[in-house]
Amino acid sequence: MHLNKKLIFFWLAAVVTVSSCKSKKQDQEENKATETITVKAPDLNADSAFAYVARQVAFGPRVPNTEAHRRCGDYLIAKLKQFGCEVTVQSFTATTYDGIRLNARNIIGSINPNASKRIILASHWDSRPYADQDSVAKTRPVLGANDGASGVGVLLELARTVQQAGTKPGVGIDIIFFDAEDWGNSERARDEYVGFCLGSQYWSANKHKAGYSAYYGILLDMVGAKGATFQKEGYSMQYAPTIANKVWQTASQMGLNQYFVDSGRTGGSITDDHLPVNKVAKIPMIDIIHTHLESGNFFADWHTADDDMDNIDANTLKAVGQVVLQTLYQEE
Ligand SMILES: [Zn+2]
């Protein structure tokens, strides 16, 4: 994904303007109204989430058109089926900005497939073909433990937990593993997405079911690093502010503000898989993505040869998954 730094200051200014119009009393009343958690979601297992991340990384870099990529895709399909999801595989050919044709698959696992109110949970499952942010190994493919596998690992654990749970959420859930997210190049690609997000662009224009829509979506990206911080991201606040506010408020009720930081500031706008879903599919979708609070940059080993399991902390995976699951269980 790609950080559009020039947009940060616009959003900062907008947020400051809006919040200054609101009185302290109004803020307190809003918080009071949603203070209590009525339905408690079942507990995710942190070690299990960690193991699902490690399993993906063990295939090697999941770069499209490689054997590791194909085998990991097959693994994800099998796991979703094992967890009782109805699985749809959307195979397509993606053409990269540099003219390479990729054999790609978006993998969709549906829970409660007949429920009419549906929520999308998504993450990308491919990893980047070269570590261009590395100081040395710039042409080596990225393992993508955090950039890719972390979000997928959390969603696999979420599917397993729901299957085991005595009480299911009242809503339908569509877990979408987007392919071909990370082939972009912000210097060389000239399209709107600078070469990124090929799988989500394809899905947004060709949904896996005719007439498909969802109430909203939550994208997870880089959700596994120790001490990760998530700010309300710029496009999330532009297209889906109610959803972002709801998720961050849930995190706050759960005492997880050390991860879901709510400083009243909006973070930078990031070109990620939620953007075509918002713009083309017209489904409001937020992005839970790790950014550094001051610099706005991604985690230190982003797009380097060091994005390996040493980066991954089971507690972070669990915190993110638990907030997402709690949000689903609170839906009517
Ligand atoms: Zn990436």
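Everything here concerns the structure above.
Residues numbered from 1 in each chain as written. Predicted model: local features only at pLDDT ≥ 70, side-chain atom pairs only at ≥ 80, totals over all residues. Heavy atoms only, no water.

Engineer: Could you give an account of the environment of Ser 150, naming the residues involved and the relevant values?
Structural biologist: Tracing the backbone shows Ser 150 in helix α5 (residues 145–164). Taking the C-alpha atoms as reference, Ser 150 lies 14 Å from Asp 301; in sequence the two are 151 residues apart. With residues near it in sequence (within four places) discarded, Ser 150 still touches Val 53, Ala 145, Met 222, Val 223, Gly 224, Ile 312 and Leu 317. (Helix = DSSP H or I, 4+ residues; strand = E, 2+ residues; numbered from the N terminus. Contact = heavy atoms within 4.5 Å.)

Engineer: How would you sum up the coordination of the zinc ion? Please name residues and give values.
Structural biologist: The reference angle at a metal is 109.5 degrees if four donors form a tetrahedron and 90 or 180 degrees if six donors form an octahedron. In this structure, Asp 147 (OD), Asp 182 (OD), Asp 182 (OD) and His 303 (NE2) serve as the protein donors to the zinc ion, at separations of 1.9 to 2.6 Å. One way to put it: the 4 donor atoms around the zinc ion meet at angles of 55 to 150 degrees, and that makes the site irregular. (Donors = N, O, S within 2.8 Å, 3.2 Å for Na, K, Ca; no water. Tetrahedral: all angles 85-135°; square planar, octahedral: opposite > 155°, others 65-115°.)

Engineer: Please set out the packing of α5 against helix α10 (residues 314–329) residue by residue, giving values where relevant.
Structural biologist: Packed helix pairs are specified by the crossing angle of their axes together with the interaxial distance, meaning the distance between the axes. Remark: α5 packs on α10, axes separated minimally by 10 Å, with the N-to-C direction vectors making an angle of 50 degrees. Overall, the two elements α5 and α10 adopt an arrangement that is oblique. As α5 runs across α10, the sense of the crossing is right-handed. The segment α5 lies against α10, with Ser 150, Val 154, Leu 158, Thr 161 and Val 162 engaging Leu 317, Gly 321, Val 324, Leu 325 and Leu 328. The residue inventory of the contact of α5 with α10, partitioned by class, reads 7 nonpolar, 3 polar and no charged. (Axes fitted to C-alpha atoms, helices over the stretch in contact; angles between N-to-C directions. Parallel < 35°, antiparallel > 145°, perpendicular 65-115°, else oblique. Left-handed = near helix turned anticlockwise from the far one by under 90°. Nonpolar A, V, L, I, M, F, W, Y, C, P; charged D, E, K, R; others polar.)

Engineer: Help me get a handle on the nonpolar core, residues and values and all.
Structural biologist: Membership of the largest hydrophobic core comes to 61 residues, with the highest contact counts inside it found for Phe 177, Phe 260 and Ile 288. Tallying contributions element by element places α5 first for this core, with 9 residues. Discounting chain neighbours no more than four positions away, the residues touching Ile 288 are Ile 218, Leu 219, Leu 220, Asp 221, Val 223, Phe 230, Val 247, Trp 248, Phe 260 and Val 324. With 13 residues, the next largest nonpolar core counts Phe 178, Ala 214, Ala 281 and Ile 283 among its residues. (Core = buried A, V, L, I, M, F, W, Y, C linked by side-chain atoms within 4.5 Å. Buried < 20%, exposed > 50% of the residue type's maximum accessible area, 1.4 Å probe, protein only.)

Engineer: Requested: an account of the side chain of His 69, with residues and values cited.
Structural biologist: Examined against the element boundaries, His 69 turns out to sit in helix α4 (residues 67–82). There is a polar contact of 2.8 Å between the side chain of His 69 and the side chain of Asp 179. When residues no more than four places from it in sequence are discounted, the contact partners of His 69 are Pro 61, Arg 62, Val 63, Pro 64, Asn 103, Arg 105, Trp 125, Asp 126 and Asp 179. (Polar contact = N/O pair within 3.5 Å; in protein donor to acceptor, adjacent residues only side chain to side chain.)

Engineer: Residue-level account of the pairing of strand β8 (residues 285–289), with values.
Structural biologist: Side chains on a regular strand alternate between the two faces of the sheet. Of all 5 residues making up β8, 5 are buried, and the element is well covered by its neighbours. Side chains Met 285, Asp 287 and Ile 289 project from β8 onto one buried face, and the interleaved Ile 286 and Ile 288 project onto a second face that is buried too. Of the pairings in the sheet, the one linking strand β6 (residues 216–221) to β8 comprises 5 bridges and is parallel in character. Note that in β8 the partner of Asp 221 across the bridge is Ile 289. (Pairing = 2+ DSSP bridges.)

Purely geometric numbers; function is a separate question.
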